[in-house]
Amino acid sequence: MVLATVLVLVLAAVGIAVVRPGPVADWLGDEPTGRTTAPAAEPVPVAVLAGADANAPMPTPEGVRSALAPLVGVPALGDRVHVSVADVATGQPLFGLGEDAGTVPASVTKLVTGVTVLAARGPAYRIPTRAVSGAAPGEVVIVGGGDPTLAVDRKGFYPGAARLDDLAAQVRDALGGAKPTKVTVDSSLYSGPVFEPGWDDDIPTGGYGGAITALMTDGARSDVTRAKKDGADGNHWAERVSRPDLAAGRAFARLLGVPAGAVARGTAPAAGTATPGPGAELGRVESLPMVRLVDIMISDSDNIVAEALARQVALARNEPASFAGAGAAMDAVAAELGLPADELTLADGSGLSRSNRISPSLLTDLIALAGDGSRPELAAIFGGLPVARWSGTLADRFETAATRAGAGVVRAKTGTLTKVHAIAGLVSTGDGRLLTFAVLTDEVPPDGLTAARAALDRIGAALAGCGCR
């Protein structure tokens, strides 16, 4: 109930509505849609999320240990298995195994990125993309603000995203009858390398990562139509353009009637006193609110969005908008939130880097903080959290007889790299008590993906199926 209430407050403050079907709406606190008739052929919905009971008895440490001890030491999880389990309402630790040890987290990193950007920017913040007058006559400068979801037109990958055709229309209005002759691309907001040095060699061109620039469209996807079709089938791999800022600049130039040969990188002039004049703003579009960007990042495990949000933390804390600056800023915000920042080392915001280290106890502390109602804005991380056997990266998990108890009652972010497997999130016990748990492993055999995932699912299912008292 606390989670539902604080999330509704966050969404109301931002001024958007998120409609969830059936039992998911009950958990998130959505109002009924008001539909007066239902299709006759529609079956009775299967329960997806069980509601937590605020008065449910809390498990005992002994009970949790009894349930998990046989599961955490199995060979499928390798030689480094670190676990933390805690009660959400009270924050009380219930089980730990190497819980304070920094471990390679893979995509579970996105939970830290989500919480720190919500704390630093707030759920209503929108990322701007601007167009300004250049120093030369006829020059229009497009200034990237770091919105990775920016679309060229209404056919973009991310529903509701800001669009370049809207920006171009504003520019034409501002220029009156004057015709632009040159487009300059200013992506100087970001600094440092476009690929994190700790990424595996295949990540820059592997379809899940890409060059991180302050201006891009559609998460740097090169074929949006195909990516949308694949995404609808649950496949988030997509070929990415090698220079996202220039690709976006050329798309903007086409909309303005400027030839591709008249597009180049540069920087916008400082705004002067003359209007219009060099640096004068000709148009602006803004991204979806931060609460929706976090939702996209977590539900789709979108690495490009994650890196953009990490840089928003850096900008909010006056750090360089680089991989290093974002890592330092997220560490600082975690400390401000009272989390054990000495158990956190971040080289990126997506979790693609093997240089990242996060302890399981930091993750359970973070989830408990987001869920206990003390910081309502942080509850937005729960909106996109995958649901066991129903959505996101958990849609096809928790399906066996040994794990089915977790279906619909485990909501968690997963992480996967070669030899690294992780899960962290929420689970309702058999008595209805809401717990947070995190299991991180980073020495699994390279060919052990399937077995490791099954072993992680058994841990979540064990918590879901017991009162643990």
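Up top is the structure these notes are about.
The structure contained in this document is the topic of the report that follows. What you see is a predicted model, and the numbers here were worked out from it, not measured in a lab.

**A closer look at the pattern of salt bridges**
Next up, step 1: The tally for this structure, following the rule as stated, stands at 17 salt bridges.
Next up, step 2: Between Asp87 and Arg433 there is a salt bridge, and its shortest N-O distance comes to 2.7 Å. Here Asp87, found in strand β1 (residues 81-87), pairs with Arg433, found in the loop between β11 (420-428) and β12 (434-441); they are 346 residues apart in sequence, far enough to count as distant.
Next up, step 3: Residue Arg469 pairs with Asp431 through a salt bridge whose shortest N-O separation is 3.1 Å.

**A look at the nonpolar core**
Next up, step 1: In this structure, Val294, Leu366 and Ile381 are the most contacted members of the largest nonpolar core, which totals 57 residues.
Next up, step 2: For this core, the secondary-structure elements that each account for two or more residues are α4 (109-121), α6 (224-232), α8 (290-300), α9 (303-316), α10 (323-336), α11 (360-371), β11 and β12.
Next up, step 3: The element best represented in this core is α8, accounting for 7 residues.
Next up, step 4: Among all residues touching Leu366, those that are not within four sequence positions of it are Leu111, Val112, Val115, Leu339 and Ile381.
Next up, step 5: With 31 residues, the next largest nonpolar core counts Val81, Val410, Val427 and Ala461 among its residues.

**Observations concerning the sheet that holds strand β6 (residues 263-265)**
By way of backbone hydrogen bonds, the strands of a sheet pair with one another, either parallel or antiparallel.
Next up, step 1: Strands sit in the order β6-β5-β4-β3-β7 across an open sheet of 5 strands; the sheet is mixed. Here the strands that pair on one side only, and so sit at the sheet edges, are β6 and β7 (281-286). On average, each strand axis in the sheet is tilted by 20° relative to the strand beside it, whichever way the strands run.
Next up, step 2: Relative to β6, strand β5 (residues 182-186) runs parallel, the two being bridged by 3 bridges. Its bridge partner being in β6, Val183 is matched across the sheet by Val263.

Analysis parameters
- All residue numbers refer to positions counted from 1 along the written sequence of the respective chain.
- Owing to the predicted nature of the model, reporting of local features is limited to residues with pLDDT of at least 70; listing and counting of side-chain atom pairs is limited to 80 or more, with chain, interface and lining totals taken over all residues.
- The basis for the side-chain values is all heavy atoms of the structure; hydrogens and waters are excluded.
- Salt bridges are defined by distance alone: a side-chain nitrogen of Lys or Arg within 4 Å of a carboxyl oxygen of Asp or Glu.
- A helix here means a DSSP run of H or I that spans at least four residues, while a strand means a run of E at least two residues long, and both kinds are numbered starting from the N terminus.
- Buried Ala, Val, Leu, Ile, Met, Phe, Trp, Tyr and Cys residues form a nonpolar core when they are joined through side-chain atoms within 4.5 Å.
- For the exposure calls, accessible area comes from a 1.4 Å probe over protein chains only, and a residue counts as buried if that area is under 20% of its type's maximum, exposed if over 50%, partly exposed in between.
- In what follows, residue pairs with any heavy atoms lying within 4.5 Å of each other are defined as contacts.
- The pairing criterion is simple: DSSP has to find at least two bridges between the two strands.
- A fitted line through C-alpha atoms represents every axis, and for helices the fit uses only the stretch in contact; the resulting angles, taken between N-to-C directions, go from 0 to 180 degrees.

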